[in-house]
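What follows is each chain in one-letter form.
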Amino acid sequence: MAVAHPKLGLRPFLPDDTTLLREIFRDSIEELTADDYTEAQQEAWASVADDVTDFGNKRSGQLTLVATLEGSPVGFASLEGKDKIDMLYVHPAAAGQGVGAMLIDALEKLAGARGAPKLFVDASDNARGFFEKRGYVAQQRNTVSVGDEWLANTTLHKQLATKREAS
Ligand code: ACO
């Protein structure tokens with residue numbers, strides 16, 4: 001069972017976070033996804049963050065939350081539009097301590113408060129169990145082209161509490 005950490009915090013993304021979040025993204029893919037993806041697939045996936053300007057602009061343009069442990073970023077999550085979880089990455093050294101759950105709980109609350117009835121996610125095969133545990137239901141399998149590789153993922157969705165139900 002993941003243990004809630006007393007020194008965990010949550011804050012909005014700042015442009016100065018870009019370098020650290022790219023490192024979290026790469027380290028997380030390299031160390032946490034090897035059971036489900038080949039090295040070539042992992043490399044293609046990680047190279048999505050190679051363009052630092054594009055990566056930073058996307059995080060700024062989306063609702064991006066940064067999880068901190070004793071003040072240092074250890075994970076992040078981004079919401080694309082009003083109802084799609086675009087990214088969720090936790091540094092391997094901080095995995096299994098409730099960071100991912102904290103980030104997704106916060107995104108769900110913010111999206112629900114903004115009126116989104118549902119959240120969608122294209123979850124990697126290694127993250128699918130995490131989302132299912134949080135009430136997301138699988139809808140379809142996908143195969144997406146990333147660089148020279150094809151990666152499988154699953155679209156899942158979760159019904160959110162409406163503003164009236166939540167209050
Ligand atoms: N399968 C099943 N259950 C899981 C998994 C998993 N892969 N990972 C965590 N859980 C469970 C935990 O056991 C815990 O259960 P509990 O509530 O009963 O204690 C619960 O989910 C919460 O776990 P956390 O500790 O909050 O999860 P963590 O901080 O380790 O983050 C994450 C999970 C984000 C999937 C992390 O492993 C990661 O970064 N993986 C690699 C990158 C990745 O694939 N990201 C998702 C890509 S898809 C996208 O971005 C939309």
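Our structure's up above, just so we're on the same page.
In this report, the structure presented in the accompanying data block is examined.

Here is what the cut-offs are and how they apply
- Residues numbered from 1 in each chain as written.
- Predicted model: local features only at pLDDT ≥ 70, side-chain atom pairs only at ≥ 80, totals over all residues.
- Heavy atoms only, no water.
- Salt bridge = Lys/Arg side-chain N within 4 Å of Asp/Glu carboxyl O.
- Helix = DSSP H or I, 4+ residues; strand = E, 2+ residues; numbered from the N terminus.
- Pairing = 2+ DSSP bridges.
- Axes fitted to C-alpha atoms, helices over the stretch in contact; angles between N-to-C directions.
- Contact = heavy atoms within 4.5 Å.
- Parallel < 35°, antiparallel > 145°, perpendicular 65-115°, else oblique.
- Nonpolar A, V, L, I, M, F, W, Y, C, P; charged D, E, K, R; others polar.
- Phe/Tyr/Trp six-rings, centres within 6.5 Å; stacked < 30°, edge-to-face > 60°.
- Buried < 20%, exposed > 50% of the residue type's maximum accessible area, 1.4 Å probe, protein only.
- Lys NZ or Arg CZ within 6 Å of the ring centre and 35° of its normal.
- Expected span 1.5 Å × (residues − 1).

**Thoughts on the pattern of salt bridges**
Stage number 1. Across all of its chains, the model carries 13 salt bridges by this definition.
Stage number 2. Note that arginine 26 and glutamate 30 form a salt bridge whose closest N and O atoms lie 3.4 Å from each other. Of this pair, arginine 26 and glutamate 30 both sit in helix H1 (residues 18–32), four residues apart, which is roughly one turn of the helix.
Stage number 3. What you see here is one network of salt bridges that share partners, running through Arg26, Glu30, Glu43 and Asp50.

**Topic: the sheet that holds strand S2 (residues 63–69)**
Stage number 1. In space, the seven strands of this open sheet follow the order S1-S2-S3-S4-S5-S7-S6, with mixed pairing throughout. At either margin of the open sheet sits one strand with a lone partner, and together these are strand S1 (8–12) and strand S6 (137–146). Shown here is a sheet whose adjacent strand axes are inclined to one another by a mean of 25 degrees, direction ignored.
Stage number 2. Helix H2 (residues 39–46) contacts strand S4 (84–90), strand S5 (118–124), S6 and strand S7 (149–159) of the sheet and is inclined by roughly 65 degrees relative to S7.

**Topic: the packing of H1 against helix H3 (residues 52–61)**
Stage number 1. It is at 10 Å that the axes of H1 and H3 come closest, and there the two elements cross at 100 degrees. If you check the angle between H1 and H3, you find them roughly perpendicular. Between H1 and H3, the residues in contact are Thr18, Leu21, Arg22 and Phe25 and Val52, Phe55 and Gly56, respectively.
Stage number 2. For the contact of H1 with H3, the residue count by class is four nonpolar, two polar and one charged.

**Quick notes on the packing of aromatic side chains**
Stage number 1. In the structure shown here, the tally under the stated rule is eight aromatic pairs.
Stage number 2. With 5.3 Å between their ring centres and 70 degrees between their planes, tyrosine 37 and tryptophan 45 make a pair best called edge-to-face.
Stage number 3. Overall, tyrosine 37 belongs to the buried group, its relative accessible area being 6%.
Stage number 4. The buried category is assigned to tryptophan 45, whose relative accessible area is 12%.
Stage number 5. When the centroid spacing of 5.2 Å and the interplanar angle of 90 degrees are considered together, the rings of phenylalanine 130 and phenylalanine 131 count as edge-to-face.
Stage number 6. By relative accessible area, which is 26% here, phenylalanine 130 ends up partly exposed.
Stage number 7. Taken together through their ring pairs, the aromatic side chains of Phe25, Tyr37, Trp45, Phe55, Phe76 and Tyr89 make up a single cluster.
Stage number 8. One Lys or Arg, arginine 59, reaches over the ring of phenylalanine 55 and ends 4.9 Å from the middle of that ring.

**Concerning helix H4 (residues 99–113)**
Every α-helical turn comprises 3.6 residues, leaving residues that sit three or four positions apart pointing alike.
Stage number 1. The end-to-end C-alpha distance of H4, which contains 15 residues, comes to 21 Å, matching closely the 21 Å that a straight helix rising 1.5 Å per residue would cover.
Stage number 2. Within H4, 11 of the 15 residues are buried, which leaves it mostly tucked inside the rest of the structure.
Stage number 3. Among all positions in H4, only Val99, Gly100, Ala101, Met102, Leu103, Ile104, Ala106, Leu107, Glu108, Ala111 and Gly112 are buried.
Stage number 4. At the C-terminal side of H4, glycine 115 shows a positive phi close to 100 degrees.

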